[in-house]
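# Inside the fold
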Amino acid sequence: MLSAAHDILKKQSSENNTATASASLTVDFQSGNSSNSSRYDCNPVSTAAVLLADILPTLVIKLLAPFFIHKMPYGIRVLFCAVMAATSFLLVSFSSAVLMSILGVIFASVSSGLGELSFLSLTVFFSRDVLGGWGSGTGGAGVAGAFLYSGLTQVGVSPQITLLIMLVVPFAMLISYFFLLDSPPSLPQWRSRETEYAAVGSEDSEQLIDGSEAEEKSTTERTTGPLTFTEKWHVIRGLLKFVFPLGLVYFAEYFINQGLMELLYFPNSSLSHAEQYRWYQTLYQVGVLVSRSSLCCVKIRKVWTLSLLQVVNAVLLLFAVKYQFLPSAWLVFVIILYEGLLGGAAYVNTFYFISKETEDRQREFAMAAASVGDSLGIALAGLAAFPVHRYFCSL
């Protein structure tokens, strides 16, 4: 979606002969290297408009929704997310103005934010193993989206037609959720919660915990009734040990992706600037997919170690951009793949241990509330990365 928004905004900007910002999380060098005179061969136009349109609605939803979203049944949420996603594809595909394209990205952001929050909460009704599937699915979505969009446009399909083809995605989500998912009886599919965040039923609770853990669970943890504001605040305070490391990982990650990745250009490489950048993005997504799928093999409780390693990554690449001491793009490929591995591992392990260490009655709220960590990190990274990017482009 964001790659297509960049293409369409770029086309609109050129047609109107204006300096309107045309931007996305992916910079598309379709015509080869930029004509910019900077030694980094970069595009100095700010990318803030579309990035903020993409991340701010998601951030607002994740900050506020956990306190009232329980009043909306899961079936209604999924329908709403699918409608928002389809509307975003249509708006960006048929946009005739920059603001219309940005509105389409906002719709996509609403769908993404509400969808992530809802599906993470939904995992409490199933075996904890579904978190591994969720991690693999979200990781695979990044790789599949990048390959599909790049592949279709590479063979000559226009961005507009490509987005119309991608309308199959929200319809596939509806089919898989309503017809393929075997929902437990306790899932509030079409009804509002009589209570806010309560423990799941005894049968579902047995699915969520191992046999050894079941013996240790006391009956007091299975109490029902709404969480009070004091209890919610207590849960949020307990989540900070998870949310801060996750936010820091994503801050460093998107500082690299938004502020530095385009600037890591090697003119003597056999790959063009466009090809180098596309491979950076692809390898990053591959790293995310691999590490988000690793939960069945390895679990990392100390997520803060991943945060520190990602910060080291960002500092290393910042100095690499400044002093240009890395010898080739191939070494950067390895670093970017490693970046994706760290980010994906931090995400899936954070939510696994939140699910494991939170009481039954608090788990659904905790999973929803903790999802704000990655979005907050991305938003702050965007604010920090843009002036850095503009600084290097002005050299």
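Here is a short report on the structure shown in this document.

Rules and cut-offs
Residues numbered from 1 in each chain as written. Predicted model: local features only at pLDDT ≥ 70, side-chain atom pairs only at ≥ 80, totals over all residues. Heavy atoms only, no water. Helix = DSSP H or I, 4+ residues; strand = E, 2+ residues; numbered from the N terminus. Buried < 20%, exposed > 50% of the residue type's maximum accessible area, 1.4 Å probe, protein only. Contact = heavy atoms within 4.5 Å. Areas by Shrake-Rupley, 256 points an atom, 1.4 Å probe, with all protein chains shown as cover. Core = buried A, V, L, I, M, F, W, Y, C linked by side-chain atoms within 4.5 Å. Lys, Arg positive; Asp, Glu negative; His and termini not counted. Salt bridge = Lys/Arg side-chain N within 4 Å of Asp/Glu carboxyl O. Polar contact = N/O pair within 3.5 Å; in protein donor to acceptor, adjacent residues only side chain to side chain. Axes fitted to C-alpha atoms, helices over the stretch in contact; angles between N-to-C directions. Parallel < 35°, antiparallel > 145°, perpendicular 65-115°, else oblique. Left-handed = near helix turned anticlockwise from the far one by under 90°. Nonpolar A, V, L, I, M, F, W, Y, C, P; charged D, E, K, R; others polar. Phe/Tyr/Trp six-rings, centres within 6.5 Å; stacked < 30°, edge-to-face > 60°. Lys NZ or Arg CZ within 6 Å of the ring centre and 35° of its normal.

## Things to note about the overall build of the chain
A count of helical and extended segments in the chain gives 15 helices and zero strands. Sorting the 395 residues of the chain into buried and exposed places 54% on the buried side. Contacts spanning at least 24 positions in sequence make up 82% of the contacts within the chain whose residues lie at least 6 apart. Accessible area of the chain: about 17,600 Å², with a carbon and sulfur share of 66%.

## Some points on the nonpolar core
Generally speaking, nonpolar side chains in soluble globular proteins are found buried as a group. In terms of nonpolar packing, the biggest core is built from 74 residues, with Leu122, Leu239, Tyr280, Leu317, Ile336, Phe351 and Ile354 touching the most fellow members. Considering every element that reaches this core, the biggest residue donor is helix H13 (residues 329-357), with 14 residues. The contacts of leucine 317, once residues within four sequence positions are left out, are Ile256, Leu260, Leu264, Leu326, Ile335 and Ile336.

## Notes on unusual backbone geometry
At glutamine 324, a residue that is not glycine, the phi angle is positive and equals roughly 50°. Along the chain, the position of glutamine 324 falls in the loop between helix H12 (303-323) and H13.

## A short note on the side chain of arginine 292
With respect to the helices and strands, the residue arginine 292 is situated in helix H11 (residues 273-292). Although arginine 292 is buried, it makes no salt bridge; aspartate 374 carries the closest opposite charge, 5.7 Å away. Side-chain polar atoms of arginine 292 contact the side chain of tyrosine 250, separated by 2.7 Å. Contacts of arginine 292, omitting those with residues within four sequence positions, involve Gly132, Gly135, Ser136, Thr138, Gly139, Tyr250, Gly344, Tyr347 and Val348.

## A closer look at the packing of helix H4 (residues 98-122) against helix H14 (residues 360-370)
Remark: H4 packs on H14, axes separated minimally by 8 Å, with the N-to-C direction vectors making an angle of 150°. On the basis of their axis angle, the class for H4 and H14 is roughly antiparallel. Between H4 and H14 lies a crossing of right-handed hand. Residue-level inspection shows Leu117, Leu120 and Ser121 of H4 in contact with H14, the latter providing Glu364, Met367 and Ala368. A per-class count over the contact of H4 with H14 returns four nonpolar, one polar and one charged.

## A look at the packing of aromatic side chains
On inspection of all chains with the given rule, the structure shows 15 aromatic pairs. Their ring planes at 5° and their centres at 5.5 Å tell us that phenylalanine 178 and tryptophan 190 sit as a pair that is stacked. With a gap of twelve residues between them, phenylalanine 178 in helix H7 (residues 168-180) and tryptophan 190 in the loop between H7 and helix H8 (202-208) connect regions that are remote in the sequence. A relative accessible area of 52% places tryptophan 190 in the exposed class. Members of the aromatic cluster, connected to one another through ring pairs, are Phe119, Trp134, Tyr177, Phe178 and Trp190. Over the face of the ring belonging to tyrosine 347 we find arginine 292, whose NZ or CZ atom lies 3.8 Å from the ring centre.

## Here we look at the pattern of salt bridges
Scanning the entire structure with this criterion turns up five salt bridges. A salt bridge links lysine 62 to glutamate 116; the shortest N-O distance between them is 2.4 Å. Taken together, the positions of lysine 62 in helix H2 (residues 48-64) and glutamate 116 in helix H4 put the pair 54 residues apart, joining distant regions of the chain. Glutamate 116 shares its class with lysine 62; the two are buried. Two residues, lysine 62 and aspartate 374, come together in a salt bridge whose shortest N-O distance is 3.1 Å. Linking lysine 62 in helix H2 with aspartate 374 in helix H15 (residues 372-393), this pair joins segments that are 312 residues apart in sequence. In this structure, lysine 62 and aspartate 374 share a single accessibility class: buried. Connected through salt bridges with shared partners, the residues Lys62, Glu116 and Asp374 form a single ionic network.

Function-wise, these values are silent; they only describe arrangement.
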